[in-house]
Amino acid sequence: MIIVMKAGAAKKDRDEVLKRIRELGYKPHVIHGTTRDVIGAVGDERGKLVLQSIESMHGVESVVPILKPYKLASREVKVEPSVIRISDTVSIGGPEIIVMAGPCSVEGEEQIIETAKAVKAAGAQVLRGGAFKPRTSPYSFQGLEEEGLKLLAKARDITGLPIVTEVVNPETADLVAEYSDILQIGARNAQNFALLKKVGQLRRPVLLKRGMSMTIQEFLMSAEYVMSEGNQQVILCERGIRTFETATRNTLDLSAIPVLKGMTHLPVIADPSHGTGNYHYVAPMALAAVAAGADGLMIEVHPDPERASSDGPQSLKPKKFEALMTKIRLVAQSVDRTL
Ligand code: PEP
Ligand code: MN
């Protein structure tokens, strides 16, 4: 249910409503709007009619059911887009397109620092790099783990770029959160509900990637797992889905971008690197994603892709990335965004 407070309702009235929601066995989530607050009350669907009684409380305008199965993520609960703050200077979901760039894996100090400097110079606002790698094969490089996190933190100190890196299990989530500005949940873990709940309890923005065989509704249900634990800072990432097509690694579902933007207030970004698996296709799909309304991009960049420990074939060299950023700037302008 959504409890819509009257415009300018007193804090004391809102607190009474929060208390009543808890007494009835539901979890309240306050969503601050521009003119009024709304409170999402989520919990057992079967007893939700008892919440209707809140309508008679002071300061309450109406109590309405949330029709969609995803509740806190829906546009019903929040009409205006959510802007998620990443650092003092970087926010995602506003007019600025946010580009997260860097290598698939952190491989060593020189590699990550060199890449961080290059992507920063080209205009990227966030550095990406995997320290814990969820590889399809147990024999593939699994990442530098905590050493990789330390190197990312060093790259942040040098460049000022906030960092995004993947969390692969609940046990190491606190460790990753100590170092990272954004917690990435990878496609392979997009329905790992224990992990989603764990990052929902942390106070860090979460970058949630779409699972490779997830419907858009299932994707939003995964976001709901994070949000229902109290963490509203979820960024959705379309990274390609598995189809019958084999010419590309995945099929980047560009239509998911406007579809998601209609269904949810959460920011949506696209990852054309994993979406295509081939560096030749990264630039056209990055530009198309911005034209389609994406709030940002995740792009793999490596100084020496031929020698990369993972995902070399889809990584751009810094020069190519720089050229792409110039084009992204032009497309961004044409859809009333900045970069
Ligand atoms: C990654 O970002 O390096 C990654 C493993 O992505 P995905 O989970 O989308 O495959
Ligand atoms: Mn990768």
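Please refer to the structure placed before this passage.
The structure presented is a predicted model; accordingly, all values stated were derived computationally and were not measured.

Q: Quick question: what am I supposed to make of the pattern of salt bridges here?
A: Side-chain pairs of opposite charge can arise whenever the charged atoms involved come near each other. By the definition in use, this model includes 19 salt bridges. Arg 20 is the salt-bridge partner of Glu 23, the closest N and O atoms lying 3.3 Å from each other. Of the two residues, Glu 23 and Arg 20 both sit in helix α1 (residues 11–23), three residues apart, roughly one turn of that helix. Take Arg 20: its relative accessible area is 30%, and that puts it in the partly exposed class. For the salt bridge of Glu 300 with Arg 128, the shortest nitrogen-to-oxygen distance reads 3.4 Å. With Glu 300 in strand β14 (residues 296–300) and Arg 128 in strand β8 (residues 126–128), the pair connects residues that are 172 residues apart, well separated along the chain. Assigned by exposure class, Glu 300 and Arg 128 land together as buried.

Q: Would you mind going over the site of ligand 1 with me for this structure?
A: Around ligand 1, the structure places Cys 104, Arg 128, Lys 133, Glu 166, Gln 184, Gly 186, Ala 187, Arg 188, Lys 209, Arg 239, His 274 and Glu 300. Taking Gln 184, its side chain carries an N or O atom lying 2.9 Å from an oxygen atom of ligand 1. Here the shell around ligand 1 is built from residues that sort into two nonpolar, three polar and seven charged.

Q: Got a minute to help me understand the coordination of the manganese ion (ligand 2) in this structure?
A: Four donors placed tetrahedrally around a metal ideally meet at 109.5 degrees, and six donors placed octahedrally ideally meet at 90 or 180 degrees. Only Cys 104 (SG), His 274 (NE2), Glu 300 (OE) and Asp 311 (OD) from the protein reach the manganese ion (ligand 2) as donors, at distances of 2.0 to 2.3 Å. Donor residues for the manganese ion (ligand 2) sit on one chain with the sequence pattern C-x169-H-x25-E-x10-D. With His 274 in helix α8 (residues 272–276) and Glu 300 in strand β14, this residue pair connects regions lying 26 residues apart in the sequence. Since its relative accessible area comes to 8%, His 274 is described here as buried. Glu 300 sits in the buried class, given a relative accessible area of 0%.

Q: Which parts of the structure should I look at to understand empty space enclosed by the protein?
A: Over the atoms, a rolling probe the size of a water molecule traces out where space has been left empty. Across all of its chains, the model carries one cavity of 30 Å³ or more by this definition. Considering the residues around the largest cavity, the lining is formed by Arg 128, Gly 129, Gly 130, Phe 132, Lys 133, Thr 165, Glu 166 and Gln 184. Within the lining of the largest cavity, the residues separate by chemical class into one nonpolar, four polar and three charged.

Q: Looking at this model, I keep getting lost on the packing of helix α5 (residues 193–200) against helix α6 (residues 216–228). Mind explaining?
A: The relative placement of two packed helices comes down to the angle between their axes together with the axis-to-axis distance. Between α5 and α6, the least distance of the axes is 6 Å, while the angle of their chain directions is 45°. Looking at the two axes, α5 sits oblique to α6. For the pair α5 and α6, the crossing hand works out as right-handed. Residues Phe 193, Leu 196, Lys 197, Val 199 and Gly 200 of α5 lie in contact with α6, whose contacting residues are Ser 222, Tyr 225 and Val 226. Among the residues making up the contact of α5 with α6, the classes are represented as five nonpolar, two polar and one charged.

Q: Please explain the sheet that holds strand β2 (residues 27–32) as it appears in this structure.
A: Sheets are built from strands that pair by backbone hydrogen bonding, the pairs being arranged parallel or antiparallel. Within the open sheet, the four strands sit side by side as β2-β3-β1-β4. Their pairing is antiparallel. Here the strands that pair on one side only, and so sit at the sheet edges, are β2 and β4 (60–64). The mean inter-strand angle of the sheet, taken between neighbouring strand axes irrespective of direction, is 20°. Where strand β1 (residues 2–5) lies against β4, four bridges are found, and the strand directions are antiparallel. Bridge assignment links Ile 2 to a residue of β4, and that residue is Val 64. Lying on the sheet, α1 is in contact with β1, β2, β3 (37–42) and β4; it crosses β2 at an angle near 150°.

Q: It is not clear to me how the environment of Lys 120 should be interpreted in this structure. Could you clarify?
A: Secondary-structure assignment places Lys 120 in helix α2 (residues 109–122). Separated by 202 residues in the primary sequence, Lys 120 and Glu 322 have C-alpha atoms spaced 9.7 Å apart. Ignoring anything within four residues of it in the chain, the contact list for Lys 120 reads Thr 159 and Leu 161.

Q: Help me out: how do you make sense of the nonpolar core in this one?
A: When a protein is soluble and globular, its nonpolar side chains tend to lie buried together. Counting 76 residues, the largest nonpolar core has Leu 127, Leu 236, Ile 299 and Phe 321 as its most contacted members. Built from parts of two domains, this core gets at least three residues from each of domain 1 (2–64) and domain 2 (84–334). Filtering out sequence-adjacent residues up to four positions away, Phe 321 remains in contact with Val 99, Ala 101, Val 119, Ala 122, Ala 124, Ile 299, Val 301 and Leu 316.

Q: Explanation requested: unusual backbone geometry in the structure shown.
A: Generally, phi is negative for residues other than glycine and the peptide bonds are trans, each holding for most cases. Although it is not a glycine, Asp 311 sits at a positive phi angle of roughly 55°. Looking at the secondary structure, you find Asp 311 in the loop between β14 and α10 (318–334). The backbone phi angle of Asp 336 is positive, close to 60°, even though this residue is not glycine. When you line up the elements, Asp 336 lands in the segment after α10.

Q: Just checking my understanding: could you explain the sheet that holds strand β9 (residues 163–166) for this structure?
A: If you trace the eight strands once around the closed barrel, you get β7-β8-β9-β10-β11-β12-β13-β14, paired in parallel fashion. Strand-to-strand, the axes of this sheet are offset by a mean angle of 25°, without reference to chain direction. Where strand β12 (residues 234–238) and strand β13 (residues 268–270) come together, three bridges link them in parallel fashion. Residue pairing for β13: Glu 238 is matched across the bridge by Ala 270. Set on the sheet, α5 makes contact with β10 (182–185) and β11 (206–209); between it and β10 the angle comes to about 170°.

Conventions adopted
Residues numbered from 1 in each chain as written. Chains lettered and ligands numbered in written order. Predicted model: local features only at pLDDT ≥ 70, side-chain atom pairs only at ≥ 80, totals over all residues. Heavy atoms only, no water. Salt bridge = Lys/Arg side-chain N within 4 Å of Asp/Glu carboxyl O. Helix = DSSP H or I, 4+ residues; strand = E, 2+ residues; numbered from the N terminus. Buried < 20%, exposed > 50% of the residue type's maximum accessible area, 1.4 Å probe, protein only. Near = heavy atom within 4 Å. Polar contact = N/O pair within 3.5 Å; in protein donor to acceptor, adjacent residues only side chain to side chain. Nonpolar A, V, L, I, M, F, W, Y, C, P; charged D, E, K, R; others polar. Donors = N, O, S within 2.8 Å, 3.2 Å for Na, K, Ca; no water. 1 Å grid on protein atoms, 1.4 Å probe; cavity = no way out; pocket = protein on both sides within 12 Å on 5 of 7 lines; lining within 4 Å. Points joined across faces, edges and corners; volume = space filled by probe spheres on them. Axes fitted to C-alpha atoms, helices over the stretch in contact; angles between N-to-C directions. Parallel < 35°, antiparallel > 145°, perpendicular 65-115°, else oblique. Left-handed = near helix turned anticlockwise from the far one by under 90°. Contact = heavy atoms within 4.5 Å. Pairing = 2+ DSSP bridges. Core = buried A, V, L, I, M, F, W, Y, C linked by side-chain atoms within 4.5 Å. Domains from an automatic or database assignment.

By themselves, these observations are geometric and do not establish any function.
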